[in-house]
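Close look at the chain arrangement
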Amino acid sequence: KIRHYKWEVKYEYKSPDCHKKLAITINGGTPGPTIIAQQGDTVVVELQNGLLTENVAIHWHGIRQIGTPWMDGTEGVTQCPILPAETFVYKFVVDRPGTYMYHAHYGMQREAGLYGAIRVSLPDGQIEPFSYDYDRSIILNDWYHKSAYEQAVGLSSIPFVWVGEPQSILIQGRGKFNCNTSGIASGLCNATNPECSPYVLTVVPGKTYRLRIGSLTALSALSFEIEGHNMTVVEADGHYVEPFVVQNLFIYSGETYSVLIKADQSPSRNYWASAKVVSRNSSTPNGLAILNYYPNHPRRNPTASPPIGPIWNDIGPRLAQSLAIKARKGFIHTPPQTSDRVIIMLNTQNRINGNVRWSINNVSFHLPHTPYLIAYKHNLLHTFEQNPPPEGYDSANYDIFSVANNTNATTSNGAYRLKFNTTVDIILQNANTMNLNNSETHPWHLHGHDFWVLGYGTGKFNGSSDPKRYNLVDPIMKNTVAVHPYGWTALRFRADNPGVWAFHCHIESHFYMGMGVVFEEGVERLGKLPNSIMGCGDSKGHHSP
Ligand SMILES: O=C1O[C@H]([C@@H](O)CO)C(O)=C1O
């Protein structure tokens, strides 16, 4: 089946947390429309750029784009940006059931509100390996009052201006900023605006709900919980999870989960759902929504106070949850038992030419003006640096626990070229930031593939002993995974999808500050590129014959 959507993207005044802001909307909304499709369907999105003076590009997060790498929506990697007043047609197949998302992938536009959910159901006649009565989705986000543009300029200025903690946490596009905060001009914040009334999930007592939860936060790692209700985790990034029960779900930007919730508490009242910032010492108030037990009034506040949530700096339970996520029995994709190449990626914060940047093996990434996909396919290799980034770092002499100088750090747009159909291991190694005793959580997202999560560890990865502890039996496959503070995460994937693919920290400001890399694989196998992705940089006039 073809699922056809017509979207207009434009700026509008919105008050998702009661505070008025220019937000980027799709057909008038943020979040935008949910794409609902069935496995094997073709999704067609006719996107009209109604922003007056800004380009745009939309990435279909978690969709592998097999055979359509030019539809990945990553500006500078897979396409030229879409100019104002132009229409670009995205067309791709959703080949796996599960919970996915879409969002802007140009500059820092995602955090202006350009995002939404994709839900892919099983083909007719097939059933999920778990049962539920109703299917619902929410996206968690954090929200800033400053524009994405102002933030981006601050991040690349000298002196550096950090974006700081978000003003609000949004649950399905709704949050609550305290309008009585000093310094808020009158008329800018209205606590009774219906746009910022909390999101309400109405449940029928006794029924079981599949709640699909995605996070597209710009910065925050979150803990999500529903007062008095356990959640059974059954899906992660489109893959079935061997079920386990949690009271709170840790979720990092770019991840999706499905949890089962049974409405088995007293039906005499409503309950709070809460999303709290963890991993950063944040002053952002928890995002709140209402679990409404029918027939209580949906707007009646729960009688109890909202759950407080876990302590922000306790890594233990977050690591424990990461380790608990395994592929579901009967749905295990066994990984290749060995790999052809191992790339170790040291994640550091550095100062380069006076700018605060993030680097991988001391190389901070920046996007070229000619998208890589076009450059490789049309042999425009002069458009980016041909020197590939390093395969590792001097681990014997590097102390990940101290503030390092990294005076040799540079910026580059060189790419890793992967031999087609080989197996690649990536070890993401975390380290101290430029601040004493500080290491952050980074959710890394890979375009075009799902990877196996082979293991996590604390401290420095040991290349001879740690691989012996890899889970090669039932590892989960994901497209986004957390690297915990001072820890490492090991991934494995098959370079079997011809194209050029970004791999980056999903924190919007961190990618903007250079925290990413690009992989090329099998571009020579691709047919002619569509003309619609061309037109910028040296791809001008390079229309396919
Ligand atoms: O990239 C970042 O910069 C700040 C801080 O390290 C410097 O102000 C921060 O918390 C980040 O995640």
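If you're wondering where the values come from, they're calculated on a predicted model, not measured in any experiment.

Here's the deal with the site of the ligand
- Close to the ligand lie F160, W162, R280, Q349, W358, N435, E440, H510 and M513.
- Note that an oxygen atom of the ligand is positioned 2.6 Å from one of the side-chain N or O atoms of R280.
- A distance of 3.2 Å separates an oxygen atom of the ligand from a polar side-chain atom of N435.
- If the ligand stood free it would expose 310 Å²; the protein chains cover 82% of that surface.
- Class assignment of the residues belonging to the shell around the ligand gives a composition of 4 nonpolar, 3 polar and 2 charged.

Section: the state of the cysteines
- Following the criterion strictly, the structure yields 3 disulfides and no others.
- Here C18 pairs with C196 through a disulfide, and the sulfurs are 2.0 Å apart. Negative torsions about the S-S bond denote left-handed disulfides, and the value of about 100° found for C18 with C196 makes this one right-handed. Highlighted residues: C18 in the loop between strand 1 (2–14) and strand 2 (21–26) and C196 in the loop between strand 10 (168–171) and strand 11 (200–203), separated in sequence by 178 residues. Across this residue pair, the class does not change: C18 and C196 are buried.
- In this model, C179 is linked to C189 through a disulfide, with the two sulfur atoms separated by 2.1 Å.

Examining the pairing of strand 6 (residues 87–93)
- Only one face of strand 6 is covered, namely the face carrying F88, Y90 and F92; the face carrying T87, V89, K91 and V93 is uncovered.
- Where strand 4 (residues 42–49) and strand 6 come together, 7 bridges link them in antiparallel fashion. Looking at the pairing, E46 lines up with V89 of strand 6.

Re the UniProt feature "domain: Plastocyanin-like" (unreviewed entry) in the protein chain
- UniProt records the feature "domain: Plastocyanin-like" (unreviewed entry) for residues 9–121, 137–295 and 392–522 in the present numbering.
- The distance from the first to the last C-alpha atom of residues 9–121 is 26 Å, and the span holds 0% helix and 43% strand.

Comments concerning helix 2 (residues 315–324)
- Buried within helix 2 are the following residues: R318, L319, Q321 and S322. Buried residues of helix 2 fall within an arc of 160° about the axis and therefore sit on the same side.
- Of the surrounding secondary structure, the elements contacted by the buried residues of helix 2 are strand 15 (239–246), strand 16 (248–251), strand 17 (256–262), strand 18 (271–278) and strand 27 (451–458).
- You can read the cap of helix 2 off the contacts: a side-chain oxygen lies 3.3 Å from the backbone nitrogen of G316, and it is on D314.

So, the environment of V77
- Tracing the chain through its elements places V77 in the loop between strand 5 (58–61) and strand 6.
- Each C-alpha atom of the pair V77 and M231 lies 38 Å from the other, and the pair is 154 residues apart in sequence.
- Ignoring anything within four residues of it in the chain, the contact list for V77 reads L367, P371, Y372, L373, V500, W501, A502 and V518.

Conventions we followed
Here the residue numbers are simple positions, counted from 1 along each chain's written sequence. Two thresholds apply to this predicted model, a pLDDT of at least 70 for residue-level local features and 80 or more for giving and counting side-chain atom pairs, whereas whole-chain, interface and lining totals are computed over all residues. Side-chain calculation: all heavy atoms of the structure are included, whereas hydrogens and water are not. Here a residue is considered near a molecule or strand provided that any single heavy atom belonging to it is located within 4 Å of it. Counting of polar contacts relies on pairs of N or O atoms within 3.5 Å, with two restrictions inside protein: one atom must be capable of donating a hydrogen and the other of accepting it, and residues adjacent in sequence are counted only when both atoms are side-chain atoms. In these tables, accessible area is a Shrake-Rupley quantity obtained with a 1.4 Å probe, and a residue counts as shielded only by the protein chains included in the view. Three classes are used, and their members are as follows: Ala, Val, Leu, Ile, Met, Phe, Trp, Tyr, Cys and Pro are nonpolar, Asp, Glu, Lys and Arg are charged, and the others, Gly among them, are polar. Here, two cysteine sulfur atoms that lie within 2.5 Å of each other are counted as a disulfide. Put simply, DSSP marks the helices as runs of H or I at least four residues long and the strands as runs of E at least two long, and each gets a number from the N terminus on. Only protein chains enter the area calculation, which uses a 1.4 Å probe; residues under 20% of their type maximum are buried, those over 50% are exposed, and those in between are partly exposed. Pairing between strands is defined by DSSP: at least two bridges between the two strands are required. UniProt positions are given in the numbering used here, feature names are shortened, and annotations may be inferred rather than shown by experiment. The directions from the helix axis to the C-beta atoms are what the arc is built from. Residue contacts follow a heavy-atom distance rule, with two residues in contact if any of their heavy atoms lie within 4.5 Å.

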